[in-house]
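Now for the letters of each chain:
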Amino acid sequence: MQFDLWLPTASPMTTPALLEAVAAESEARGIGTIWVGEHVVLFRDYASSYPYAADGRVPAPSGSGLLEPLVTLSYLAARTRTVRLGTAMLLLPQRNPVYTAKEVSSLDWLSGGRVDLGIGVGWLKEEFEALGVPWERRGVRTDEYLEVLRTLWCDDLSSYSGTTYELAECEMFPKPIQQPHPPLHFGGETAAALRRVARTGQGWHTFNRSPDELAAGLTELDRELEAVGRSRSEVHITVCPYFNELTPEGVERYAEAGADSVAALFFCFGADEVGPTFDALEACRAVAASL
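Note that the structure is predicted; figures quoted are calculated from it, not measured.

Caption draft 1: Structural detail: the packing of aromatic side chains. Tallied over the full model, the rule gives eleven aromatic pairs. Relative to Phe207, the ring of Tyr52 lies with its centre 4.9 Å away and its plane at 70°, an arrangement referred to as edge-to-face. Here Tyr52 is found in the loop between strand E2 (33–36) and helix H2 (69–77), whereas its partner Phe207 is found in strand E8 (residues 203–207), with 155 residues between them in sequence. Classification of Phe207 by relative accessible area gives buried; the value is 9%. Aromatic side chains Tyr242 and Phe243 sit 4.5 Å apart centroid to centroid with 50° between the ring planes, which places their arrangement in the tilted category. For Tyr242, a relative accessible area of 8% puts it in the buried group. Relative accessible area serves as the criterion here: at 54%, Phe243 is assigned to the exposed category. An aromatic cluster of three or more residues is present, and its members are Trp6, Tyr46, Tyr50, Tyr52, Trp123, Phe207, Tyr242 and Phe243. Over the ring of Tyr46 we find Arg57, and its NZ or CZ is 3.7 Å from the ring centre. One Lys or Arg, Arg138, reaches over the ring of Trp135 and ends 3.6 Å from the middle of that ring.

Next up, the structure:
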């Protein structure tokens, strides 16, 4: 079983020194993937409901924000050689898909093929509005943008025509090192998210689920996979317990439920806390390595 980190890249604590310490320790301790999230802007007041908190509020104080994920992973790529670099989640429908394809391909090229692209459809309507992107039909836009990414990554001469995007014939190089493209992991707990995993995903990255809740979700995913002629063996299952306590016994239960990776929330406030935070997770990492 792979042991990953889910790294909240919140300011002001996520300094270059902290990232360098996380990179060095991740390499030394055999971490599988470092996952980072995305929000371009946050709001003091918003009507949208954050799906992973009972009060619907994202746990980020005013005056804090996340580093841009692909920039952060590029910084980590230059300081690592083996650990994989993942987004959890890149908010694809609020981005330009051509630039996203270029940025991800460049990161995969420069990192030696170590990118895991986790994709979400987004929950924060106000963020879409700040970007001038329609909130409506964001699921359709996600699916069409995925086709734009694929043609740019896989075809020498790329083009696409859809209801939300038109791409005239063009060339994009370099292509990703990973072929046919970096693995696509989808986040989300809804039926629509599971259908998207089943149709096109190489991974499902689920968040804030207990082992029992993971098993129930995988039963639903298996039904969706069967409907499109695929099987669980084609999908990498990653679970992040989020703020739920992670114990060695919990790691075993996640593995029994069907997880291929467990991504521990890695939260510390300075570079001097990185080593002790890794130490606190060592028993869990050791159990995962033994499974």
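Having seen the structure, we can now continue with the description.
Caption draft 2: Structural view of helix H1 (residues 16–29). For H1, with 14 residues, the first-to-last C-alpha span of 20 Å sits near the 20 Å given by 1.5 Å per residue. Three or more residues of H1 are buried, namely Leu18, Leu19, Val22, Ala23, Ser26 and Arg29. Relative to the axis of H1, the buried residues are bounded by an arc of 150° and lie together on one face. Looking at the packing, one finds that the buried side of H1 touches strand E1 (2–6), E2, H2 and helix H9 (274–290). The first or second residue beyond H1 is Gly30, which carries a positive phi of 75°.

Caption draft 3: Inspection of the nonpolar core at higher detail. Among the nonpolar cores identified, the biggest contains 62 residues, and Phe3, Trp204, Leu214 and Phe266 are the most heavily contacted of them. Setting aside residues no more than four positions away along its own chain, Phe3 makes contact with Ile31, Gly32, Thr33, Leu246, Val262, Ala264, Leu281, Cys284, Arg285 and Ala288. In terms of nonpolar packing, the next biggest core, distinct from the first, is built from 14 residues, Trp6, Tyr50, Val58 and Trp123 among them.

Caption draft 4: A look at a nonpolar patch on the surface. On the surface, Val40, Val41 and Leu131 cluster together into a nonpolar patch covering about 220 Å² of accessible area. In this fold, Leu131 is placed in helix H4 (residues 125–131). Accessibility expressed as a relative area gives 37% for Leu131, which makes it partly exposed.

Conventions adopted
Residues numbered from 1 in each chain as written. Predicted model: local features only at pLDDT ≥ 70, side-chain atom pairs only at ≥ 80, totals over all residues. Heavy atoms only, no water. Phe/Tyr/Trp six-rings, centres within 6.5 Å; stacked < 30°, edge-to-face > 60°. Helix = DSSP H or I, 4+ residues; strand = E, 2+ residues; numbered from the N terminus. Buried < 20%, exposed > 50% of the residue type's maximum accessible area, 1.4 Å probe, protein only. Lys NZ or Arg CZ within 6 Å of the ring centre and 35° of its normal. Expected span 1.5 Å × (residues − 1). Arc of directions from axis to C-beta. Contact = heavy atoms within 4.5 Å. Core = buried A, V, L, I, M, F, W, Y, C linked by side-chain atoms within 4.5 Å. Patch = residues over 30% accessible without salt bridge, like charges linked within 9 Å, V, L, I, M, F, W, Y side chains within 5 Å. Areas by Shrake-Rupley, 256 points an atom, 1.4 Å probe, with all protein chains shown as cover. Salt bridge = Lys/Arg side-chain N within 4 Å of Asp/Glu carboxyl O.

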